[in-house]
Structures are given as C-alpha cells and as structure tokens.
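Each chain, letter by letter, is given below.
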Amino acid sequence: MHAVDHINLAVNHGFAQVGIPIIIGDGIKGNDYIEEKINKKHFSSCYLASVLKDIDCLIVLSHLTGHMLTGFGAAIKNLGMGCASRRGKLLQHCLVSPEINKDKCTGCGLCAENCPVDAIEARAGKYFILEDKCIGCAQCVSVCPYKAVKIVWSQEYDMLSEKMVEYAYAVTKERKCFFVNFCLYITKECDCMNKERSGFISDLGVLFSADPVSIDKASLDLVIERQGYDALGQIHPKTNYLASLQYAQTIGLGSLEYKLVEI
Ligand code: SF4
Ligand code: SF4
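Position numbers for residues start from 1 in each chain and track the written sequence from start to end. The order in which chains are written sets their letters, starting at A; the order in which ligands are written sets their numbers, starting at 1. For a predicted model such as this one, the threshold for reporting local features is a pLDDT of at least 70, and the threshold for listing and counting side-chain atom pairs is 80 or more; totals across whole chains, interfaces and linings nevertheless cover every residue. Side-chain numbers come from the whole structure's heavy atoms, not from hydrogens or water.

Describing the packing of aromatic side chains
Reasoning step 1: Note on ring pairs: Phe, Tyr and Trp rings are taken, using the six-membered ring of Trp, and paired if centres are within 6.5 Å. Classes follow the plane angle, with under 30 degrees stacked, over 60 edge-to-face and the rest tilted. A full pass over the atoms with the stated rule returns 3 aromatic pairs.
Reasoning step 2: Consider the rings of Tyr33 and Tyr47, whose centres lie 5.1 Å apart with planes at 75 degrees: the pair is edge-to-face. In this pair, Tyr33 sits in strand S1 (residues 33-37) while Tyr47 sits in strand S2 (residues 45-49), placing the two residues 14 residues apart along the sequence.
Reasoning step 3: Accessibility here uses a 1.4 Å probe with only protein chains present; expressed as a share of the type maximum, an area under 20% marks a residue as buried, one over 50% as exposed, and anything in between as partly exposed. What makes Tyr33 partly exposed here is its relative accessible area of 35%.
Reasoning step 4: Accessibility expressed as a relative area gives 13% for Tyr47, which makes it buried.
Reasoning step 5: Between the aromatic rings of Phe72 and Tyr241, the centroid separation amounts to 5.7 Å while the plane-to-plane angle is 75 degrees, which identifies the pairing as edge-to-face. You can see Phe72 sitting in strand S5 (residues 71-73) and its partner Tyr241 sitting in helix H9 (residues 241-250), a full 169 residues away along the chain.
Reasoning step 6: Its relative accessible area of 8% is what places Tyr241 among the buried residues. In DSSP terms, a helix is any run of H or I states spanning at least four residues, a strand is any run of E spanning at least two, and both are numbered starting from the N terminus.

Below, the structure is given as structure tokens:
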C-alpha cells in the first residue's frame, strides 16, 4: 500500500470533508524515516516518519476504540503506531522477517533489487528472505507488485504494546505534544478496519491533556465508571492495557495520575 492508497482511503472515510490536508508522513512508498535513539528495553532506535523532522509541536487528535492486539487505541497508539514509518510499524508488529509466498512470487526479482542488506536470494526461479540478514525495513513488502511478501504478525500482545509505547516515547522525546481524546462513538475495533461499525457504549465526552498516559488512563477509567465494567478489556481478553500503561509510566512517557476537570 502506497501513499496514494492511504489518501484515497482517507478521502473515502470522509476526512477530506473536514478541510484538513492529508499528508502521509513516511513518503510515497513508506520508506522515508528518521532515526530517533531511545535506548529502551525493546529498541535502541526508533524509525519515525520522516515528516517529523520538521515538526517540533504536535496536536494529537485520537478516537478511543477497542483494539484486537493492544486492547485499546487512543493517544499512545496514535503516537507510537501513527508516527512510525513503515519500517517502524513492521518492527513493532513482528518478531521475525517478512515471508515470501512462493505461489504468488513470479520471480521478478524487484524485492531483491530493493533490499538494502541483500537479504533476499533467488532459488529455482523464486525468491526467499534470509532471516538472519533481514533488518525488517519492509521495503520488500512495499515494492512487490504481486503482493507476494507478507508480514508475519506477532501474537505477543504485551510485547507489541510495550514496543508501541517505546515508539510513542521516541515521538514525544524531542517534541511538545498536546492530546485530545474523543471518547465518542466508541467501537470494538480500531478505525483502520475497512468496514463500517457502530459505537457499542455510550458517549463519554472529549478529554484534553498534555500527558498521553494520563489522558489514555482517564479515558479508560471513564469507560469503566460509566459502563460499570471494563467494556474494552472484556472484548479483548488476551490483551492487558493496564500493563502497557504502567510500562509507559516506567519509561517516562507520562503519568498514570490525573485529575479530571469538567468544563
Ligand atoms: S517482488 Fe514479489 S514477485 Fe517479485 S521476486 Fe520479489 S516476492 Fe517475488
Ligand atoms: S524487510 Fe527489508 S531487509 Fe528484510 S528482506 Fe525485506 S527488504 Fe530486505
């Protein structure tokens, strides 16, 4: 999927009507990134969308939803996944390198030509990825014209959440950020799902904060308080969003403490 596909999808979802320019931050093919050093448990460096090099202040508008891998999506997910380059997204999602589906592979060799570390080799007219050489840049995923290179999704829910938290930390490290969480029309799955869904719990309001951890914790607490149970946690029982918020506090992304001021 390239920037043009992303923009078309955004237009189809009605974003053009809002009158805000749609910019895909990691280039036409998703290969443009900047490296931010963080030296944390999972990553020593994060690969963020290159557009961030020109941005020193972010206003992060997020829609609170459930999420099948991270339990919920809001400010932290918008930062960590939303601001990652294609390579950064792949490194968060995967424990291993991508795989080539040999039934779909035509042997055109485009992936091997574009691999920056020569991790793809030809064998009997098909191409294969050498796991020990692959750096997970996802270049091969984006260049294959036959969609033969597929990402091997990790099922390590907690690890994915912690990696996402580290990316969020990388984004905020050098930038001032302000967060707005729309806790309205809350859906079971995240907004990237390509189907229309309806809200499944009542609207809670719009939250504002300068702290991504506080605002996400407050949003999730509001769900529990208004619904009388942990509606998002129960939909995705394999996930543990509280652990990821605690990890976010541990690495200095923000604080679990907050004070709600109604206006
Ligand atoms: S670009 Fe796709 S079709 Fe071409 S060799 Fe690589 S995997 Fe096969
Ligand atoms: S992910 Fe990057 S490094 Fe790995 S095989 Fe594909 S192009 Fe090469």
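So much for the structure itself; the text now carries on.
Description of the domain arrangement of the protein chain
Reasoning step 1: Partitioning the protein chain into structural domains gives domain 1 (32-93 + 155-250) and domain 2 (99-150).
Reasoning step 2: The domain boundaries here were taken from an automatic or database domain assignment. Distance from the C-alpha centre of domain 1 to the C-alpha centre of domain 2: 31 Å.
Reasoning step 3: Contacts between residues were defined by any pair of non-hydrogen atoms, one from each residue, lying within 4.5 Å. In this assembly, 4 residues from domain 1 lie in contact with 6 residues from domain 2.
Reasoning step 4: Once two parts are joined, some of their accessible surface, as seen by a 1.4 Å probe, is lost; buried area is that loss totalled over both. When domain 1 packs against domain 2, the two sides together hide about 450 Å² of surface, and 65% of this comes from carbon and sulfur.
Reasoning step 5: On the domain 1 side of the contact with domain 2, Arg86, Arg87 and Leu90 bury the most area, a combined 89% of that side's loss.

A short note on the site of ligand 1
Reasoning step 1: Near is defined per residue: the residue qualifies when any heavy atom it owns lies within 4 Å of the molecule or strand. Of all residues adjacent to ligand 1, which total 14 residues, the nearest are Cys105, Cys108, Gly109, Cys111 and Cys144.
Reasoning step 2: Lys, Arg, Asp and Glu make up the charged group, whereas Ala, Val, Leu, Ile, Met, Phe, Trp, Tyr, Cys and Pro make up the nonpolar group; the residues left over, Gly among them, are polar. For the shell around ligand 1, the per-class residue count stands at 11 nonpolar, 3 polar and no charged.

Re the pairing of strand S8 (residues 126-129)
Reasoning step 1: Residue alternation in S8 divides its side chains into a buried set, Tyr127 and Ile129, and an unburied set, Lys126 and Phe128.
Reasoning step 2: Any two strands between which DSSP finds at least two bridges are classified as paired. Summarising the sheet, strand S7 (residues 120-123) and S8 pair through 4 bridges and their orientation is antiparallel. Paired with Arg123 across the bridge in S8 is Lys126.
Reasoning step 3: Turn length for the S7-S8 hairpin, with the two strands adjacent in sequence and antiparallel, is 2 residues, and the turn residue Ala124 shows positive phi of about 50 degrees.

Digging into the sheet that holds strand S11 (residues 205-209)
Pairing between the strands of a sheet comes from backbone hydrogen bonds, and it takes one of two forms, parallel or antiparallel.
Reasoning step 1: Strand order in the open sheet formed by 3 strands is S3-S10-S11, and the pairing between neighbours is mixed. Edge strands, defined here as strands with exactly one partner in the open sheet, are strand S3 (57-63) and S11. Shown here is a sheet whose adjacent strand axes are inclined to one another by a mean of 15 degrees, direction ignored.
Reasoning step 2: Summarising the sheet, strand S10 (residues 176-183) and S11 pair through 5 bridges and their orientation is antiparallel. Bridging across to S11, Cys183 finds its partner in Gly205. In this analysis an axis means a line fitted to C-alpha atoms, helices contributing only their contacting stretch, and an angle means the value between N-to-C directions, from 0 to 180 degrees.

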